[in-house]
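Below, each chain spelled out in residue letters.
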Amino acid sequence: MPCTVIVGAFWGDEGKGKISSYLALKDKLDFCVRTGSVNAAHTVWIDGKKYALHMVPAAFINPKTRLLIAAGANVDVKTFFSEVEQTNVQSRIAIDQNASIIEEKHSAADKASAVNRGIGTTGRGVGPAIEERVRRTAKLAKDLPELKGYITDQVQEVNDGLDAGKNVLLEGTQGFMLSLFFGTYPYVTGRDTGAAAICSEAGVGPTRVDDVLIVYKSFMTRVGAGSLPGELTKEEAQKRGWFETAAGTGRDRRSAPFDFDLAKKTAKINGATQAALTKLDSLFPTCKGARKFDVLPNEAKQFIKEVETQTGIPVVLIGTGPEALEIIDRRK
Ligand code: IMP
Ligand code: MG
């Protein structure tokens, strides 16, 4: 803090929602800006209740945090209203005037496209909506009467906030290996998902950022097509307790062991200064619910040390369970 960017290291679903919600409470976030779009779902567990959020920033669990949707984001209006109601954030959420709109025709095109089906897109219309924006024919948030009352200048709000010393979190979505530029093209999403692009979508200049927090999961998962180094069979994934289904689409996630070379590469290209490591309890079940580093078994400590050695950055947050507060916080 004051300005931190959260970026996913692999193919999304690293647990960015959990980290964002924890920081909202712990660091008393003043602003949280969600980038990207509804192809991503951020899961938040608080007091035994689960939220899978496609539009509302995961930081909503702090009632004092101002919630913003980035200028570079793509808005699905129906999902936005349904999540605003579900999270009861009417009085403190707004969308940047220039965010663009996903229409019914975009999700229809996404689902109908043979190429997109081959890639295994989420079918939420995000790629076609971005295409339309690039053609300069997209509708923007400020053009929609139903969004009146939710429109703001997110870019100005956040930059003024930073001038005033407020805490700002830029919530990245998806994972770096899904980046249009740096991922496993053509099996990627329709945007750059890296830290620099997150800043760009939110209109925050690179010199204003204090920390880039890269989120690793203790193993890797991927939905949709494209390579996954070290991929396990579903049976093996189930045996290890790593089998997951997607929070957004319900599809099976493929899984693989943590890849240190990939972790090193993604830390470097994103300029990461800090790392979070989630789901440590999936590798070492006795870690479940731990709140202190000292109580972890030696093999878990070794694994964390190895991540730090190979990536060259400190693992400051360690997830030990799904709840927002099930975390070991090693920051001073
Ligand atoms: P699209 O983003 O819907 O166009 O899908 C492109 C690829 O990215 C597909 O393989 C999707 O499964 C994957 N993808 C997109 N968003 C996410 C995400 O938030 N988590 C995991 N995979 C995603
Ligand atoms: Mg997700």
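Now for a description of the structure that goes with this document. (Residues numbered from 1 in each chain as written. Chains lettered and ligands numbered in written order. Predicted model: local features only at pLDDT ≥ 70, side-chain atom pairs only at ≥ 80, totals over all residues. Heavy atoms only, no water.)

1. Regarding the coordination of the magnesium ion (ligand 2)
Basically, it comes down to this: Donor atoms (N, O, S) are those found within 2.8 Å of the metal centre, with the cutoff raised to 3.2 Å for Na, K and Ca; water is not part of the atom list, so apparent gaps in a site can occur. Counting from the N terminus, the helices are DSSP H or I runs at least four residues long and the strands are E runs at least two residues long. In this scheme, a residue with accessible area under 20% of its type's maximum is buried, one over 50% is exposed, and one in between is partly exposed, where area comes from a 1.4 Å probe on protein chains only.
Around the magnesium ion (ligand 2), the protein supplies Asp13 (OD) and Ala41 (O) as donor atoms, at distances of 2.1 to 2.4 Å. Here Ala41 lies in the loop between β2 (31–34) and β3 (42–46) and Asp13 lies in the loop between β1 (3–8) and α1 (16–26), a separation of 28 residues in the sequence. Using a relative accessible area of 13% as the deciding quantity, one classes Ala41 as buried.

2. Thoughts on the pairing of strand β12 (residues 219–222)
Formally: By this definition, two strands are paired if DSSP reports at least two bridges between them.
What you see with β12 is no split at all: Phe219 and Thr221 on one side and Met220 and Arg222 on the other are buried throughout. As judged from the 4 bridges shared by β12 and strand β14 (residues 252–257), these two strands associate in the antiparallel manner. Across the sheet, residue Thr221 finds its bridge partner in β14, namely Ser255.

3. Focus on the site of ligand 1
The line we're drawing: It suffices for a single heavy atom of a residue to lie within 4 Å of a molecule or strand for the residue to be listed as near it. Polar contacts, as used here, are pairs of N or O atoms within 3.5 Å; protein pairs need one atom able to donate a hydrogen and one able to accept it. Residues neighboring in sequence count only if both atoms are side-chain atoms. Only the protein chains shown count as covering a residue, and every accessible area follows the Shrake-Rupley method with a 1.4 Å probe. Charged residues are taken to be Asp, Glu, Lys and Arg, nonpolar residues to be Ala, Val, Leu, Ile, Met, Phe, Trp, Tyr, Cys and Pro, and polar residues to be all remaining types, Gly included.
For ligand 1, the set of nearby residues contains 15 residues, the closest of which are Asn39, Thr122, Gln174, Thr189 and Arg251. At a separation of 3.4 Å, an oxygen atom of ligand 1 approaches a polar backbone atom of Gly120. For ligand 1, whose free accessible area comes to 470 Å², the fraction covered by protein is 96%. The residue inventory of the shell around ligand 1, partitioned by class, reads 6 nonpolar, 7 polar and 2 charged.

4. Section: α1
Most of α1 is tucked away, with 9 of its 11 residues classed as buried. Note on α1: the residue one or two positions beyond its end, Lys28, has a positive phi of about 45°.

5. With respect to the packing of helix α3 (residues 104–112) against helix α5 (residues 126–134)
As a reminder, the rule being used: With axes taken as lines fitted to C-alpha atoms, and helix axes fitted only over the stretch in contact, angles between N-to-C directions fall between 0 and 180 degrees. Here the angle decides the label: under 35 degrees means roughly parallel, over 145 means roughly antiparallel, 65 to 115 means roughly perpendicular, and every other value means oblique. Less than a right angle of anticlockwise turn of the near helix away from the far helix marks a crossing as left-handed, whereas a clockwise turn marks it as right-handed. Should any heavy atoms of two residues lie within 4.5 Å, those residues are considered in contact.
Two elements in contact, α3 and α5, have axes whose closest approach is 7 Å; the angle formed by their N-to-C orientations is 120°. As far as their axial angle goes, α5 and α3 are oblique. The crossing of α3 and α5 is right-handed. Taken together, the residues of α5 that come into contact with α3 (itself represented by Lys105, His106, Ala109 and Asp110) are Val126, Pro128, Ala129 and Glu132. Its residues assigned to classes, the contact of α3 with α5 comprises 4 nonpolar, 1 polar and 3 charged.

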